[in-house]
Amino acid sequence: MNRAFSGKGFKVLVTVVCLLLVLALVTAGNSTVGGLFSGFILTPLQRVAAEATGSAGQVVTLPKDPQELEEENSRLREENRRLTDELVEYYDIKRENEELYKFYDIKKSNEDFSVVPASVIARDPNEIFYGFVLDAGTADGVSPGDPVVTDNGLVGFVSEVSIKTAKVTCLLSPEVRVGAVDKKTGDEGVISGSPLYADSGSTVLENLKERHSIKVGDIIVTSGYGGAYPRNLKIGTVSKLLSDSYTGTPIAVIRPFEDARFVSSAAIITNFTGKGVIESSSPELPQTSGRSAG
Amino acid sequence: MNRIHFIKYTAFSLELVLCFVLQSLPGFRLEVFGGTPVLLLPLVMTIAVYEREIPAIVFGVAGGLLADGGYSGPMGYYAITMAILCYVVSILMEQYIRTSLLTVMLVGTVSLPLVMFGQFVFFYVAMGYGNVWEYFFAHILSRIVYTWAMIPLFYALNRFIAVKTQQDS
C-alpha cells in the first residue's frame, strides 16, 4: 500500500491532478481555454466524423460556459416575451380589423346608419335571456333603445347605458318588442322572446293575423314601423308555426340569423333615417314595460 | 520508447479518438433507455488494467480531457477523476488483484458509478436545476449501466493489444 501513496506514480498523479484543478478553475470562469481545446482539437474531429457519416448539419454545438449560456438564455427569454406581446397585439388588431370590416359592410349597405362597433365585455350569468354588455357608452354617442346588430342581423337593443358601457337586451328576451314583417308574404307581427324558446336560441313572432300566409323557412326582417329600428334589418327564419297556448292566436317560432348566445362583438346603430318617426301604417303594437316596437 | 510500446500507445490513442468521435457523433446515437454511454470511461479503465501507473495516468487524463470537451461546463472533472481512476486501477491490478474479466467488472461496478454520479452531482444537482432526480432516473442511471456494460468489449480489445505487444516484445 506504501507504493500507492509514495511512489513516482503517485507524485505524478498529484501533480497532474493539481494542474487539472487549475485548468478546471480557469475554465470555470472563462471559456477561452476550454474553447481553444474544443475549437482546435475536438470540434474538427467531430466535424470530420459527422461529415463522414453525412450528418454535419447536426454537429454538436460548441460547449459554452454557464455565464454565456445564462446571458443567452435571458436574452432569448426577453425576445420571446417581446414577440409574444407583439403576437397578442397582432391578434387583437387582426380581430378588430375583421370586426370593423364586418361593420363597414353594414355601413356601406346602409349609408344613413351611424354605427358604433363594440366588443362584448361581459355576460351576466344570471341573465337567463343571454343579455350582454358592450364596451361603448354615452361617450360614444350610444343611447338607450339603440338597435344592436352584427353582420348577420339584428341582435337586440341597448337597454341600459353608462359612459363607457351599454347593456344589451337581446331578441331572446320577452322585454323585446320589435315590429317585424315576413319579407315574402308581407305578414306583419311583433318579435318578442319567450322563456320557452330562449334556451334553444329562438324567439317568437306574435300578433299575427288569423289568416296569415307565413310558411316555415320565410325570412323575417324589421318592419321599421314605430321608428325604433331601421327597416329591413334581418332577424331570422321561420322554424315553426304554432298557436299560442293561452290566447290561441297564431305565432311563429323564429330562428335568428345571429345567435345572441355566442356574440362576441356587435355594432350599435346610434342613428338612422326615420329614427323616432312613427309611421301611420304601423300596426297596432302593444306597449310593454320593455321596449316599444320598431 | 521502443517500437512495440509505440505501436501499443498508438493503438490506445486511436481507440481514444475513435471512442470520442463515436460517443459525440450526432448521427450515431447509441441510446438505450434514454442513456448514451461514456465510451471513454471503460476504455481508459481497461487500458489502465494493463499499464503501469504513469502511462495509466496519461491515458486517464487524455481520455478525461476528451470526455470533458464533449460536455459543456468547466474542463477538468473527467480528467481528474479518470486520472485517479486509472492510477488506482493500475495499482490494484498490479499489486493486489488478479487481472480477469470478473475482477475488472467488479472494479468497474464500484468506480464507474462513482465517477458518473459525481459528474451528475457537480453539473446538475449543484447547479440547482429543477427535476434533477427525474433526469437522473430517465438518463443518468441508464447511462451508468450502459457504460458499465461496455467494460467486457474494451477489456477484450485492450487485453488483445496488451498481450499481443507483450508477446512481440
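Q: I'd love a proper account of the overall build of chain B, names of residues and values included.
A: Helix and strand counts for chain B come out as 7 helices and 0 strands. For chain B, the succession of helices and strands along the chain, N to C, is α-α-α-α-α-α-α. Split into buried and exposed, the 169 residues of chain B put 43% on the buried side.

Q: Describe the overall build of chain A, naming the residues involved and giving the relevant values.
A: Scanning chain A for helices and strands turns up 5 helices and 12 strands. Burial statistics for chain A: of 294 residues in total, 34% are counted as buried. Across chain A, contacts joining residues at least 24 apart in sequence account for 58% of those joining residues at least 6 apart.

Q: Hey, could you go over the sheet that holds strand β8 (residues 203-206) of chain A for me, with residue numbers and the actual values?
A: Residues and elements named next belong to chain A. Pairing is antiparallel in the closed barrel, where 6 strands are placed in the order β6-β7-β8-β11-β10-β9. Strand-to-strand twist in this sheet, taken as the mean axis angle between neighbours without regard to direction, amounts to 40°. Taken together, the 3 bridges between strand β7 (residues 188-192) and β8 define a ladder with antiparallel strand orientation. Following the sheet pairing, I191 is matched in β8 by L205.

Q: So, the environment of V115 of chain B: which residues are in play, and what are the values?
A: On the secondary structure map, V115 of chain B appears in helix α5 (residues 101-125). With near-sequence residues (within four places) excluded, V115 of chain B lies in contact with L41, T81 and L85 of chain B.

Q: Can you lay out helix α6 (residues 132-148) of chain B for me, pointing to particular residues and giving the numbers?
A: Residue and element names in this part refer to chain B. The axis of α6 is deflected most strongly, by about 35°, at A138. Within α6, burial applies to I140, R143, I144 and T147. Where α6 is buried, its residues meet α2 (40-49) and α5.

Q: Go over the sheet that holds strand β1 (residues 114-122) of chain A, please, and point to the residues and values.
A: All names here are of chain A. Reading around the circumference, β1-β2-β5-β4-β3-β12 is the order of the 6 strands in this closed barrel, with antiparallel pairing throughout. Strand-to-strand twist across the sheet, computed as the mean angle between neighbouring axes with direction ignored, equals 45°. When β1 meets strand β2 (residues 132-134), the two strands line up antiparallel, connected through 2 bridges. Within the sheet, the bridge partner assigned to A122 lies in β2 and is V133. Sheet strands in contact with helix α4 (residues 66-109) are β1, β3 (147-150) and β12 (265-271), and its direction is about 145° off that of β1.

Q: Talk me through the pairing of β7 of chain A; I want residue IDs and the actual numbers.
A: All names here are of chain A. In terms of residue burial, β7 counts as a mostly covered element, since 5 of its 5 residues are buried. In this sheet, β7 lies alongside strand β6 (residues 178-182) in antiparallel orientation, the contact comprising 4 bridges. Paired with V178 across the two strands is I191, which belongs to β7. Two successive antiparallel strands, β6 and β7, enclose a turn made up of 5 residues, where G186 displays a positive phi of approximately 80°.

Q: Could you give me a rundown of unusual backbone geometry, with the residues and numbers involved?
A: Residue and element names in this part refer to chain A. One non-glycine residue, N207, adopts positive backbone phi at about 60°. Structurally, N207 can be placed in the loop between β8 and β9 (219-222). On the basis of neighbour counts, which here come to 22 C-beta atoms within 10 Å, the residue N207 falls in the buried class. If you check the backbone angles, N232 has positive phi at about 65° while not being a glycine. Mapped onto the secondary structure, N232 falls in the loop between β9 and β10 (234-243). Its 13 C-beta neighbours within 10 Å are what place N232 among the partly exposed residues.

Q: Pulling in residues and values, what's your account of the pairing of β12 of chain A?
A: Taken together, the 6 bridges between β1 of chain A and β12 of chain A define a ladder with antiparallel strand orientation. Bridge pairing in β12 of chain A links S119 of chain A to S265 of chain A.

Q: Let's hear about the nonpolar core: which residues, and what values?
A: Counting residues in each nonpolar core, the largest one holds 52 residues, and the members touching the most others are L40, V44, A83 and C86 of chain B. Elements represented by at least two residues in this core include exactly α2 (8-29) of chain A together with α1 (3-24), α2, α3 (53-70), α4 (77-96), α5, α6 and α7 (151-168) of chain B. Here this core gets 12 residues from one element, more than from any other, and that element is α4 of chain B. With 50 residues, the next largest nonpolar core counts L134, I191, I220 and F272 of chain A among its residues.

Q: Please provide a residue-by-residue account of the packing of α2 of chain B against α5 of chain B, values included.
A: Residue and element names in this part refer to chain B. Close contact between α2 and α5 brings their axes to 11 Å; oriented N to C, the two are set at 135°. When the axis of α2 is compared with that of α5, the two are oblique. The chirality of how α2 crosses α5 is right-handed. Only V104, G108, S111, L112 and V115 of α5 make contact with α2, whose side of the interface consists of L41, P42, M45, T46 and V49.

Procedures and definitions
- As a convention, each chain's residues are numbered from 1 in the sequence order in which they are written.
- Starting at A for chains and at 1 for ligands, labels are handed out in the order in which the entities are written.
- A pLDDT threshold of at least 70 governs which residues receive local features in this predicted model, and a stricter bar of 80 or more applies before side-chain atom pairs are shown or counted, although totals over entire chains, interfaces and linings include all residues.
- The helix and strand labels rest on DSSP assignments: H or I over at least four residues marks a helix, E over at least two residues marks a strand, and numbering proceeds from the N terminus.
- Neighbour counting defines burial: a residue surrounded by 20 or more other C-beta atoms within 10 Å of its own C-beta is buried, one with 12 or fewer is exposed, and intermediate counts give partly exposed, using backbone-placed C-beta atoms.
- Residues are treated as contacting if the C-beta atoms built from their backbones sit within 7 Å of each other.
- For two strands to be treated as a pair, DSSP must find at least two bridges joining them.
- Here an angle of 0 to 180 degrees is reported between the N-to-C directions of two axes, which are lines fitted to C-alpha atoms, with helices fitted over the stretch in contact.
- By definition, a residue's bend is the angle between the axes fitted to the seven residues ending there and the seven starting there.
- The term nonpolar core refers to a group of buried residues, namely Ala, Val, Leu, Ile, Met, Phe, Trp, Tyr and Cys, whose C-beta atoms join them within 7 Å.
- Under this scheme an angle from 65 to 115 degrees is roughly perpendicular, one under 35 degrees roughly parallel, and one over 145 degrees roughly antiparallel; angles in between are oblique.
- In this scheme the handedness of a crossing depends on how the near helix is turned from the far one: anticlockwise by less than a right angle means left-handed, clockwise means right-handed.

Any functional reading would require information that these geometric values do not contain.
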